[in-house]
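# A closer look at the structure
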Amino acid sequence: MYNFEYRKAGSVDEAAGIVGSDEDAKLLAGGMTYIPTLKQRLASPTTVVDLNGVGGLDGISADGNGVTIGAMVRHAAVAASADVAAAIPALADLASHIGDPQVRNRGTLGGSIANNDPAADYPAALVGLGATVQTNKRAIAADDFFTGLFETALDQDEVVTSVSFPRAGKAAYMKFPNPASRYAIAGVFVAQAADGVRVAVTGAGPCVFRVGEMEAALAANWSADAVAGIGIPADGLNEDIHASAEYRAHLVTVMAKRAVAKAG
Amino acid sequence: MTVSVSLTVNGEAVSADVEPRTLLVQMLRENLDLTGTHVGCDTSQCGACVVHVDGESVKACTVLAVQAEGADVKTIEGVADGDTLHPMQQAFHENHGLQCGFCTPGMIMSALDLVKNNPAPSEKEIREWLEGNLCRCTGYHNIVKSIDAGAAAMRG
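Residues numbered from 1 in each chain as written. Chains lettered and ligands numbered in written order. Predicted model: local features only at pLDDT ≥ 70, side-chain atom pairs only at ≥ 80, totals over all residues. Heavy atoms only, no water.

As for its position among the elements, Ile113 of chain A is in helix 7 (residues 109–115). You can call Ile113 of chain A buried: its relative accessible area is 0%. (Helix = DSSP H or I, 4+ residues; strand = E, 2+ residues; numbered from the N terminus. Buried < 20%, exposed > 50% of the residue type's maximum accessible area, 1.4 Å probe, protein only.)

So, in structure tokens, the structure goes:
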């Protein structure tokens, strides 16, 4: 790991100010992806700005519209939240399968989405439910938030503060996890979302994406059979030692079927 | 450039001068000579480095030492009561829950976090909880038996 200066932020504004004035400074949330990134020397920040301890980012609240989860809420807290389980059980279920117990004790919602790892689970939930990301500057629809491989719509001086998830009808997430890291080799979130049926895929491509053909099929007939015959092209999908692009494309259909079956 | 970190480890107030890039597991092993916490994969997958920070199990290879400022850390060295093994340690001993022993400190720290929230875990729950702890010797059967027995002993 290259060395860096460490600063503990006292507020969101302070954190935003530091990263806004130094493009080589970086925010640290749970660190479950960023610290491994530093260890591999894939990043060499001048300053690491720790958001742990910043107040106001760790709440979960529910109302008739859905749930709002603070950016620094740990995956374990989302998984254990009675409010989340009551409002959107599929979201609590997804959080309970991120990484492993120790990763869930540290990893955060805000960190996961700001990093936008192509194999992260949360992007599928945000896009699959039509969530809204709140930052220190604005609200961003999930469909516009995730823009590419490790890329988001966030500005340099922008900090995620919370995410609002609207309630959904039937919804579920299924992934084929890497057996060691538990990252999704392919994961599919299906939902009768507030604005219609959504099918969001993570792990398979460089960035979370929706499958319009599956959404239309499920809108007409909510059943695993409806998506069983719908394949997605392997072109442009991720390829690594764990799975070829063709295998990932295959898994998307399999996970979509299983997710619909799980949703009931 | 070093930073002074003060924290509680196994009930004792300690401090160390570390670089910001120093990992918690490095500080425990190299500054505080607590070598019971192991570094296996160093990629937050194997769980040999699991310790408790403020009561929750974390992978000490994926936390910066400076982040532990003011924290209450417990390592495998703080589990036994003097020469008397903790019931979970005793259960690993009695059920042959280890062969080479490299993963054992992490297994026990992880198991104690499980039992804290779930005093009577089922076999399935134990196996699921151990997804972040890898053992290359035992095939897990005796580890699962050990945790089951340890949890029972802790219930009394």
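Now that the structure has been shown, the text picks up again.
Further remarks concern the sheet that holds strand 14 (residues 209–210) of chain A. Residue and element names in this part refer to chain A. Across the sheet, four strands lie side by side as 11-12-13-14; this open sheet has antiparallel pairing. The open sheet has two edge strands with one neighbour each: strand 11 (171–177) and strand 14. The sheet contacts of helix 8 (residues 122–129) involve strand 11, strand 12 (184–193), strand 13 (196–202) and strand 14, and relative to strand 12 the element is tilted by about 25°. Its contacts with the sheet place helix 10 (residues 212–220) against strand 12, strand 13 and strand 14, and it is angled at close to 145° to strand 13. (Pairing = 2+ DSSP bridges. Contact = heavy atoms within 4.5 Å. Axes fitted to C-alpha atoms, helices over the stretch in contact; angles between N-to-C directions.)

Moving on, we come to the environment of Arg198 of chain A. Residues and elements named next belong to chain A. Here Arg198 lies in strand 13. Spatially, the C-alpha atoms of Arg198 and Leu218 are 8.7 Å apart, while their sequence positions differ by 20 residues. Among the polar contacts listed, one links the side chain of Arg198 to the backbone oxygen of Val127, at a separation of 2.7 Å. A polar contact is formed between the side chain of Arg198 and the side chain of Asp195, at a distance of 2.9 Å. (Polar contact = N/O pair within 3.5 Å; in protein donor to acceptor, adjacent residues only side chain to side chain.)

All names here are of chain A. The five strands are arranged 4-5-10-6-7 in an open sheet whose pairing can be described as antiparallel. Every other strand in the sheet has two partners, leaving strand 4 (60–62) and strand 7 (139–141) as the edge strands with one partner each. Each strand axis lies, on average, 20° off the axis of its neighbour in the sheet, ignoring direction. Note: strand 6 (residues 132–135) against strand 7, three bridges, orientation antiparallel. Residue Thr132 lies in a different strand from strand 7, and its bridge partner there is Ala141.

The next subject is the pattern of salt bridges. Residues and elements named next belong to chain A. Inspection of every chain in the model, using the stated rule, returns 19 salt bridges over all chains. Among the salt bridges present, the one from Asp93 reaches Lys262, with a minimum N-O distance of 2.7 Å. Of this pair, Asp93 sits in helix 5 (residues 89–96) while Lys262 sits in helix 12 (residues 245–263), and the two are 169 residues apart along the sequence. Take Asp93: its relative accessible area is 22%, and that puts it in the partly exposed class. We note a salt bridge from Arg198 to Asp143, for which the minimum N-O separation is 3.0 Å. One end of the pair, Arg198, is in strand 13; the other, Asp143, is in helix 9 (residues 142–145), with 55 residues separating them in the sequence. The exposure class of Arg198 is buried, given its relative accessible area of 4%. Residues joined by salt bridges that share partners form a network here, namely Lys137, Arg138, Asp155, Asp157 and Glu158. (Salt bridge = Lys/Arg side-chain N within 4 Å of Asp/Glu carboxyl O.)

Residue and element names in this part refer to chain B. Pairing of strand 3 (residues 50–53) with strand 4 (residues 56–59), which is carried by four bridges, proceeds in the antiparallel orientation. Paired with His52 across the bridge in strand 4 is Ser57. Once strand 3 ends, the chain turns through two residues before running back antiparallel as strand 4, passing Asp54 with a positive phi of about 50°.

Our focus in this paragraph is the domain arrangement of chain B. Residue and element names in this part refer to chain B. Domain boundaries in chain B define domain 1 (3–78) and domain 2 (87–155). Of note, the centres of domain 1 and domain 2, computed from C-alpha atoms alone, are 21 Å apart. Residue-level contacts link 17 residues of domain 1 with 15 residues of domain 2. Together, His38, His52 and Ile76 form the three largest contributors to the area buried by domain 1 at its contact with domain 2, with a combined 37%. Here domain 1 is connected to domain 2 by eight residue pairs in polar contact (both at pLDDT 80 or more). The dominant element in the side of domain 1 that touches domain 2, judged by the number of residues it contributes, is strand 4, at three residues. Residues belonging to the side of domain 1 that touches domain 2 are distributed by class as follows: five nonpolar, nine polar and three charged. (Domains from an automatic or database assignment. Buried area = accessible area lost by both parts, 1.4 Å probe. Nonpolar A, V, L, I, M, F, W, Y, C, P; charged D, E, K, R; others polar.)

General note: in soluble globular proteins, nonpolar side chains tend to be found buried as a group. Ile69, Leu91, Ile113, Tyr122, Leu126, Phe165 and Phe189 of chain A are the most contacted members of the largest nonpolar core, which has 41 residues in total. Non-local contacts of Ile113 of chain A, meaning those with residues more than four positions away in its chain, are made with Tyr122, Leu126, Val133, Phe145, Phe146, Thr152, Val160 and Val163 of chain A. (Core = buried A, V, L, I, M, F, W, Y, C linked by side-chain atoms within 4.5 Å.)

Right, let's get into the interface of chain B and chain A. The partner chain A presents 25 residues to the 26 residues of chain B that form the contact. Summed over both sides, the interface of chain B with chain A buries roughly 2,200 Å², with 55% coming from carbon and sulfur. By the criterion of area lost to chain A, the three top residues of chain B are Arg21, Gln67 and Glu131 of chain B, representing 30% of everything that side buries. Here chain B is connected to chain A by three salt bridges. Salt-bridge contacts for Glu131 of chain B lead to Arg104 of chain A; the nearest nitrogen and oxygen are separated by 3.2 Å. Applying the counting rule to chain B against chain A returns eleven residue pairs in polar contact (both at pLDDT 80 or more). Those elements that provide at least two residues to the side of chain B that touches chain A are strand 4 and helix 3 (104–117) of chain B. With four residues, the top contributor of residues to the side of chain B that touches chain A is strand 4 of chain B.

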